[in-house]
Each structure stands twice: as structure tokens, then as C-alpha cells.
Amino acid sequence: MKVFKFGGTSVGSPENMRSVMNIITDGEPKIVVLSAMSGTTNTLVEISDFLYKDLKNDARRVISELKDKYIKVVEELYESEEYKAKGLDIIDTHFAKLYEQTEGEFGATMEQVILAQGELISTALVTFLLNENGHKAELLPSLEFMRINADKQADLKEIKSRIKPVLEVTKSEIYITQGFICRNIYDDIDNLQRGGSDYTATLIGAAIDAEEVQIWTDIDGFHNNDPRFVEKTTRIDNLLFSEAAELAYFGAKILHPLTILPAQEANISVRLKNTMDPSATGTLISNKKTTSGLKAVAAKDGITAIKIRSDRMLMAYGFLRAVFGVFEKYKTSIDMITTSEVAVSLSIDNDKYIDNILEELEEFGDTEVDKNQTIVCVVGDMASEEKVFAKNIFDALEGIPVRMISYGGSQHNVSILIPEKYKKATLQKLSDNLF
Ligand code: ADP
Ligand code: ASP
Ligand code: MG
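Residues numbered from 1 in each chain as written. Chains lettered and ligands numbered in written order. Predicted model: local features only at pLDDT ≥ 70, side-chain atom pairs only at ≥ 80, totals over all residues. Heavy atoms only, no water.

## Comments concerning a negative patch on the surface
Part 1 of the reasoning: A cluster of acidic residues, Asp311, Asp355, Glu359, Glu362, Asp366 and Glu368, forms a negative patch at the surface.
Part 2 of the reasoning: Looking at the negative patch, the elements that each hand over two or more residues are helix 11 (354-361) and strand 14 (366-380).
Part 3 of the reasoning: Within the secondary structure, Asp311 sits in the loop between strand 11 (294-309) and helix 10 (319-329). (Patch = residues over 30% accessible without salt bridge, like charges linked within 9 Å, V, L, I, M, F, W, Y side chains within 5 Å. Areas by Shrake-Rupley, 256 points an atom, 1.4 Å probe, with all protein chains shown as cover. Salt bridge = Lys/Arg side-chain N within 4 Å of Asp/Glu carboxyl O. Lys, Arg positive; Asp, Glu negative; His and termini not counted. Charge placed at Lys NZ, Arg CZ, Asp CG, Glu CD. Helix = DSSP H or I, 4+ residues; strand = E, 2+ residues; numbered from the N terminus.)

Structure representation (C-alpha cells):
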């Protein structure tokens, strides 16, 4: 069995939903993971922000505008009165759920219920579309098997044990299921963070030991740089799991940061495909090395750099352990680290506990903080390009105020920390110099 995932744009209009139908009805059994229609999750976030601020009328206005959009979608999507009625029924049910959240006092669990409606609606609409066109397809409710643990990490063991009985009860050739949403240890609705449908797909792939996971999106595959900021990027045919994992983690928006991990562990290849051009090759992510050299550049914003300077570090042991202990205490993971004899610089992407962390770090030495930084990550096989890659990277950085550089943690990654406002220029210069 294969797992196919379609993102927001791929299900973003009745026309695109029909393209999805054509792609998935090739006669092969599959589980199809769908995102919410593009823009919907952003609107749902807007609604919960209004409710958080107790602006109920604004929330209701946005809900009503969104409902109008969906009514138009239903009118266009189905041919028959029967399916138009079924579609409208689904819209009524889920929008009633949204209006329900505007009553009473607002809380975190309500926010998650609001965010979940996008995927619940899109999957129901596409299942009806398939049925109206004579295809047997069943909804596979992801809230019955997708789970996260107390640390908000996907719980693959639980997912595995829960998905099998669900698949046995609802026998079908095509299963349609919701990306992104899940339940937590309290059995409340929760999610895998923004862009999480990709992660749903590989988690399901690992849980059922799928033959392959295909991520269908609005671009022809993984590009060697971020096409939103850089001109003339090109598609990569093959990536290693480790390379793709690194690029996703360091900001390549095409994949949720954790997408590759379940696939890599289960050795299930991931193919990136374009819904708008289904016959194009796309990108294959697997454990097979096909080419060497530098592959791609990605960037991750919202990084905070912290420098701790202390003479006590000189020739001393135990200093780094003590520093790391502070980050561990506040459950804050460190992305980059560089050291000199008397200072250590590191970067974090979650500064929720920054004040507590800084207060405790004061004990070890003087601290310095730089916010609004970006990690630019160059990925590929550095060993094979030893002669030129360092020169090319450093040449490209001319005129960029680099805050940190890290190489050697692995043989396939150079990370460069720069102020956010230099991101576009850095990406473009690296692109020009490396590819
Ligand atoms: P979906 O809704 O299908 O999940 P996303 O918007 O999350 O789609 O991801 C696809 C987008 O990722 C592309 O349209 C592109 O703008 C962006 N992107 C960023 N970096 C890359 C990259 N290296 N290769 C391809 N696309 C990228
Ligand atoms: N709909 C969710 C989001 O917009 C999940 C996804 O699209 O992957 O973040
Ligand atoms: Mg996405």
C-alpha cells in the first residue's frame, strides 16, 4: 500500500480537487492524506486569535465569511442535487462546531478544535467527490489513531497499534484521512504543528510499513534553494534521507521539519510530486546515494543566538555540561553551537524561556543575546567537494555579517547564522556561487 499526501493548494479549489481525484483513482490501493483547503488554517488561526482576545463578533464575522466560501465550493464541486445536499450538510455541521466555540469562555482545547475543522471538511468533501464519481472511497478518521505523547511528540507505537483495527473495520481500496490533526494524552484534539500533514503521511507510512510515501504539492519537487526568495532555482532528482531531513529541519517549507524521520527509520522512500503536473518526475528521497556534491540551501528564521563568555571556561572541564544543563532544564533544544577558548555561542529556535535561561546563565559568565537571526544551511556531500566548497561558501558570504558558522557536526551540512534581514541576499549569493 502507498500513502499519498496532498497539500493545501492541491485541494484548494474544486478544479484541483478533481485533479486529486484523477491522480488517486489509478486502481492501486492507497491511503490519501489531505490538508485543509489553502488559506483555511490561517483563517482558523485568525478566528481563534479573535476569540482569545474576546472579540467574539469579529470571530463570528470571519466564520460567516469562511462559510460563504465553502458553500460556493460545494455548489461547484458536485454535479447532483444529492451530493450538493450532502456537501452542504457537512459544511453546516462543521461550521456549527466553529460557532459553538464562540460561546462561553475561550480555552486552549477550543483553539485546537477550531484548527481541526479545515482537514475534517476537506476530507469529507473529497470523499463525497469520489463517491459521486463512482469510486469506492472511505474516510479514515485520523483522530482515532494519530497520537502525540506528553512531550507533544508523535507516538508511533500508539499510532501503529491504533491504525490497524481502524483499517480492518473500514475496508476500502482508497482511504481518505486528515493530515495535521491528532489527539493528545488527554484524548483532546491537538495537532502536529503547522504544515504537519506531511508528517502525518510519513507517520502513517511507517505505521503500516507502506511501499512508498508520495507528497503531492504545488511545485515539481525539492529545489536547490528556496524559490520564494531566490531566482532560478532548480529541481533535485534525488536526495538522501539525511540530506532531506536536514533541509526540512532547517526551514525548507516544502516539508514539515520532522517529515523524513519516520520514513528514514522505516526505510520507506518519499517521493515529492506536483499535483499540477502529475507526469513530471519529482524528487525521490531515499537511502540510495546517486550523486555527490552540494545539493541545496535552506533557511530557518526566528532564531536567537546566545553567547556566554567566561574565563572559567579556559582549560576547565564540565563547563559545557553545566551550560547545556540550563537549556535541558527549560526543555529548549539547541540548533547550532560554536566555541572558542573562552566563549561559547549557541542558537535556539524557541525563546519561550529565554529570561529564565539568561538568568541562570549569568552564573557562568557574561551573556549576550541576538534575536531575529536566520540559520542558512548548505546541505550536500562536503567530503567529495573538499577542494572547492569552503571557498565557494566563504566567497558567497562577502559583505554578510555572519554571526556563527558550524561545520563538521556531520559531513553534509554547513550552517551559517546571519541577521534575518540578510537572508534573501545570502540565499541568492549562495545560489549564484554554488550551483
Ligand atoms: P503544501 O500546501 O502542499 O504542503 P507548502 O506551501 O507547504 O505546500 O510547500 C510547498 C512550497 O514550499 C512551494 O510552493 C515553495 O514555495 C516552498 N519551498 C520552500 N523551499 C523549497 C524548496 N527547497 N523546494 C521546493 N519548494 C520549496
Ligand atoms: N492545514 C495545516 C496548515 O496549514 C497543515 C498542513 O497544511 O500541512 O498548517
Ligand atoms: Mg506544507
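## Considering the pairing of strand 16 (residues 413-419)
Two faces belong to every sheet, and in a regular strand the side chains alternate between them.
Part 1 of the reasoning: Taken across its 7 residues, strand 16 has 7 buried, putting it largely inside the fold.
Part 2 of the reasoning: Pairing between strand 14 and strand 16: 7 bridges, direction antiparallel. Bridging from a neighbouring strand, Gln373 pairs with Pro419 of strand 16.
Part 3 of the reasoning: The sheet contact formed by strand 15 (residues 404-407) and strand 16 spans 4 bridges and is antiparallel. (Buried < 20%, exposed > 50% of the residue type's maximum accessible area, 1.4 Å probe, protein only. Pairing = 2+ DSSP bridges.)

## Some points on the site of ligand 2
Part 1 of the reasoning: The local shell around ligand 2 consists of Ser35, Thr41, Glu119, Phe180, Arg194, Gly195, Gly196 and Ser197.
Part 2 of the reasoning: The separation between an oxygen atom of ligand 2 and a polar main-chain atom of Gly195 is 2.8 Å.
Part 3 of the reasoning: Considered on its own, ligand 2 offers 260 Å² of accessible surface; in the complex 86% of this is hidden by protein.
Part 4 of the reasoning: Its residues assigned to classes, the shell around ligand 2 shows 1 nonpolar, 5 polar and 2 charged. (Near = heavy atom within 4 Å. Polar contact = N/O pair within 3.5 Å; in protein donor to acceptor, adjacent residues only side chain to side chain. Nonpolar A, V, L, I, M, F, W, Y, C, P; charged D, E, K, R; others polar.)

## Section: the environment of Lys423
Part 1 of the reasoning: Within the fold, Lys423 resides in helix 13 (residues 423-434).
Part 2 of the reasoning: Taking the relative accessible area as the measure of exposure, Lys423 reaches 9% and is therefore buried.
Part 3 of the reasoning: Considering only alpha carbons, one finds Lys423 and Ala299, 124 residues apart in sequence, at a separation of 7.6 Å.
Part 4 of the reasoning: Non-local contacts of Lys423, meaning those with residues more than four positions away in its chain, are made with Phe229, Ala299, Asp301, Thr374 and Ile418. (Contact = heavy atoms within 4.5 Å.)

## Description of the site of ligand 1
Part 1 of the reasoning: By nearness alone, 15 residues border ligand 1, and Lys5, Thr217, Asp218, His223 and Lys253 come closest of all.
Part 2 of the reasoning: For ligand 1, an oxygen atom lies 2.8 Å from a polar atom in the side chain of Asp218.
Part 3 of the reasoning: Notes on ligand 1: free accessible area 570 Å², of which the protein chains cover 87%.

## Quick word on the pattern of salt bridges
Part 1 of the reasoning: All chains considered together, the criterion is met by 26 salt bridges.
Part 2 of the reasoning: Across the pair Asp220 and Arg235 runs a salt bridge, and its minimum N-O distance is 3.9 Å. Taken together, the residues Asp220 in the loop between strand 7 (212-217) and strand 8 (238-240) and Arg235 in the loop between strand 7 and strand 8 connect sequence positions 15 residues apart.
Part 3 of the reasoning: Taking relative accessible area as the criterion, Asp220 reaches 25% and is therefore assigned partly exposed.
Part 4 of the reasoning: Among the ionic pairs, Asp370 bridges to Arg403, the shortest N-O distance being 2.7 Å. Highlighted residues: Asp370 in strand 14 and Arg403 in the loop between helix 12 (389-396) and strand 15, separated in sequence by 33 residues.
Part 5 of the reasoning: Connected via shared salt-bridge partners are Asp58, Arg61 and Glu65.

## A few points about the packing of aromatic side chains
Part 1 of the reasoning: Here the structure, examined in full by the defined rule, presents 10 aromatic pairs.
Part 2 of the reasoning: Between Phe6 and Trp216 the ring centres are 5.7 Å apart and the planes differ by 20 degrees, which places this aromatic pair in the stacked class. Residue Phe6 is found in strand 1 (residues 2-6), and its partner Trp216 is found in strand 7; the two are separated by 210 residues along the sequence. Residues Phe6 and Trp216 agree in their burial class; the two are buried.
Part 3 of the reasoning: Through pairs of rings, three or more aromatic residues link up here, namely Phe4, Phe6 and Trp216.
Part 4 of the reasoning: In this arrangement the basic side chain of Lys30 is found over the ring face of Phe4, its NZ or CZ atom lying 5.0 Å from the centre.
Part 5 of the reasoning: Positioned above the aromatic ring of Tyr249, the side-chain terminus of Lys300 is 3.8 Å from the ring centre. (Phe/Tyr/Trp six-rings, centres within 6.5 Å; stacked < 30°, edge-to-face > 60°. Lys NZ or Arg CZ within 6 Å of the ring centre and 35° of its normal.)

## Observations regarding the packing of helix 3 (residues 56-77) against helix 5 (residues 108-132)
Part 1 of the reasoning: Look at helix 3 against helix 5: their axes get within 11 Å of each other, and the N-to-C directions meet at 15 degrees. When the axes of helix 3 and helix 5 are compared, the pair comes out roughly parallel. As for how helix 3 packs across helix 5, the hand of that crossing is right-handed. Together, Tyr70, Val73, Val74 and Leu77 of helix 3 and Ile121, Leu125, Leu129 and Glu132 of helix 5 make up the contact between the two elements.
Part 2 of the reasoning: Classifying every residue of the contact of helix 3 with helix 5 gives 7 nonpolar, no polar and 1 charged. (Axes fitted to C-alpha atoms, helices over the stretch in contact; angles between N-to-C directions. Parallel < 35°, antiparallel > 145°, perpendicular 65-115°, else oblique. Left-handed = near helix turned anticlockwise from the far one by under 90°.)

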